[in-house]
Amino acid sequence: AQSVTQLGSHVSVSEGALVLLRCNYSSSVPPYLFWYVQYPNQGLQLLLKYTSAATLVKGINGFEAEFKKSETSFHLTKPSAHMSDAAEYFCAVSHNQGGKLIFGQGTELSVKP
Amino acid sequence: GAGVSQTPSNKVTEKGKYVELRCDPISGHTALYWYRQSLGQGPEFLIYFQGTGAADDSGLPNDRFFAVRPEGSVSTLKIQRTERGDSAVYLCASSPRQGQTDTQYFGPGTRLTVL
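One numbering rule holds for all chains: residues counted from 1, following each sequence as written. Lettering of chains starts at A and numbering of ligands starts at 1, both following the order in which they are written. For this predicted model, a pLDDT threshold of at least 70 governs which residues receive local features, and a threshold of 80 or more governs which side-chain atom pairs are given and counted, while totals over whole chains, interfaces and linings are taken from all residues. For side-chain calculations, the full set of non-hydrogen atoms in the structure is used, while hydrogens and water are omitted.

S.K.: Before we move on, could you go through the nonpolar core and cite the residues and values that matter?
M.R.: Most often, soluble globular proteins keep nonpolar side chains buried together rather than apart. Ranked by internal contacts, the top residues of the largest apolar core, which has 27 residues, are Trp35, Leu48, Phe74, Leu76 and Tyr89 of chain A. Taken together, the elements giving at least two residues each to this core come down to β2 (10-14), β3 (19-26), β4 (33-38), β5 (44-50), β7 (64-68), β8 (73-78), β9 (87-94) and β11 (107-112) of chain A. We call two residues contacting when some pair of their heavy atoms lies within 4.5 Å. Excluding its chain neighbours within four sequence positions, the residues that come into contact with Phe74 of chain A are Cys23, Leu33, Phe34, Trp35, Leu48, Tyr50, Val57, Ala65, Glu66 and Phe67 of chain A. By size, the runner-up hydrophobic cluster in this structure holds 20 residues, among which are Val4, Ile79, Leu112 and Val114 of chain B. The nonpolar core is taken to be a set of buried Ala, Val, Leu, Ile, Met, Phe, Trp, Tyr and Cys residues, with the residues joined through side-chain atoms within 4.5 Å. For every residue, the accessible area obtained with a 1.4 Å probe (protein chains only) is divided by the maximum for its type, and the residue is called buried under 20%, exposed over 50%, and partly exposed between those limits. Helix and strand definitions here come from DSSP, where helices need a minimum of 4 consecutive H or I residues and strands a minimum of 2 consecutive E residues; each element is numbered from the N-terminal end.

S.K.: Account for the interface of chain B and chain A, naming residues and giving values.
M.R.: Across the contact, 22 residues belong to chain B and 21 residues belong to chain A. Buried surface at the junction of chain B and chain A, summed over both partners, amounts to about 1,700 Å²; 50% is from carbon and sulfur atoms. Buried area is calculated as the accessible area (1.4 Å probe) missing from two parts once they are joined, with the contributions of both summed. Of all residues in chain B, Gln100, Thr101 and Phe106 of chain B give up the largest surface area on contact with chain A, accounting jointly for 36% of the area buried on that side. Salt-bridge detection follows one rule: a side-chain nitrogen of Lys or Arg within 4 Å of a carboxyl oxygen of Asp or Glu. On the surface where chain B and chain A come into contact, there are 1 salt bridge. Between N or O atoms, a polar contact is any pair within 3.5 Å; within protein, one atom must be a potential hydrogen donor and the other a potential acceptor, and residues adjacent in sequence are included only when both atoms are from side chains. Inspection of the chain B/chain A interface yields 9 residue pairs in polar contact (both at pLDDT 80 or more). Sorting the residues of the side of chain B that touches chain A by element identifies β4 (31-37) and β5 (44-50) of chain B as the ones contributing at least two each. Here the side of chain B that touches chain A takes 3 residues from β4 of chain B, the largest share from any one element. Residue polarity is assigned by list, with Asp, Glu, Lys and Arg as charged and Ala, Val, Leu, Ile, Met, Phe, Trp, Tyr, Cys and Pro as nonpolar; anything else, Gly included, falls into the polar class. Among the residues forming the side of chain B that touches chain A, the class breakdown is 8 nonpolar, 12 polar and 2 charged.

S.K.: Tell me about the packing of aromatic side chains, and name the residues and values.
M.R.: All names here are of chain A. A pair of aromatic rings is counted whenever rings of Phe, Tyr or Trp (Trp by its six-membered ring) have centres within 6.5 Å, and the orientation is called stacked for planes under 30 degrees apart, edge-to-face for over 60 and tilted otherwise. On inspection of all chains with the given rule, the structure shows 15 aromatic pairs over all chains. The interplanar angle of 20 degrees and the centroid separation of 5.7 Å between the aromatic rings of Tyr25 and Phe67 together place this pair among those described as stacked. Of this pair, Tyr25 sits in strand β3 while Phe67 sits in strand β7, and the two are 42 residues apart along the sequence. Each member of the pair, Tyr25 as well as Phe67, carries the same accessibility label: buried.

S.K.: So, the pattern of salt bridges: which residues are in play, and what are the values?
M.R.: Enumeration according to the criterion identifies 6 salt bridges over all chains in this entry. For the salt bridge of Glu64 of chain A with Lys58 of chain A, the shortest nitrogen-to-oxygen distance reads 2.8 Å. Under the relative-accessibility criterion, Lys58 of chain A is labelled exposed at 61%. One salt-bridge network, held together by shared partners, links Arg64, Glu83 and Asp86 of chain B.

S.K.: A description of the layout of surface pockets should follow, citing residues and the corresponding values.
M.R.: What the largest pocket holds in volume is close to 730 Å³. Looking at the lining of the largest pocket, the elements that each hand over two or more residues are β9 and β11 of chain A together with β9 (88-95) and β11 (110-114) of chain B. Grouping the constituent residues of the lining of the largest pocket by class yields 12 nonpolar, 15 polar and 3 charged. Cavities and pockets are defined on a 1 Å grid built over the protein atoms alone: a cavity is a set of grid points where a 1.4 Å probe fits but cannot escape, while a pocket is an open set with protein on both sides within 12 Å along at least five of seven lines, and lining residues are those with an atom within 4 Å of any such point. Grid points are joined across faces, edges and corners, and a volume is the space filled by probe spheres set on the points.

Note that all results are geometric; they support no functional claim without further evidence.
Pasting the structure below:
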């Protein structure tokens, strides 16, 4: 069975500080991994996805994530947090049959001025 | 172009009532997915369609839940005899295909409250 675990339901950083949101996956087959962001009262928006082309994936709004098979991880980072980054972030793995997404519990990111 | 739209945005109903939630996918997208998001949780898969047929309905919690997509575009999620535990945000997503690497585009969701 495939699953993802997001460590930390809530992360708080200061504006300008590094953002690190953790995601570990479990999969018996090569995984395809996604990060989505959910702003208040808005739908989920794709930040980036790993589809095995390159292990370091760059996404929108300055975010990037690195796929590390040895650590079964796909952590999301951003060098400098902005107030507008405050949102809920979800890591997901795509099921090997049909592509349905299996989401983690989510991490709420707060950015302090 | 237009994104995925869902109606209504909010639905309040009483326990035992029947509700229908509608999803309009992005034009031309053949794959359509329904998810349910409870408070403080990540979205959970319910069902997905490839064209008009339900390719996988393994996430539907019980037989009170049913979904259709008769013409391969708009989909309706139907819940019979609603229970308070059905309260959640119901999300719809569409994708150009049903491949593992294809991006799913999400609608804003329908917030269902069962009193």
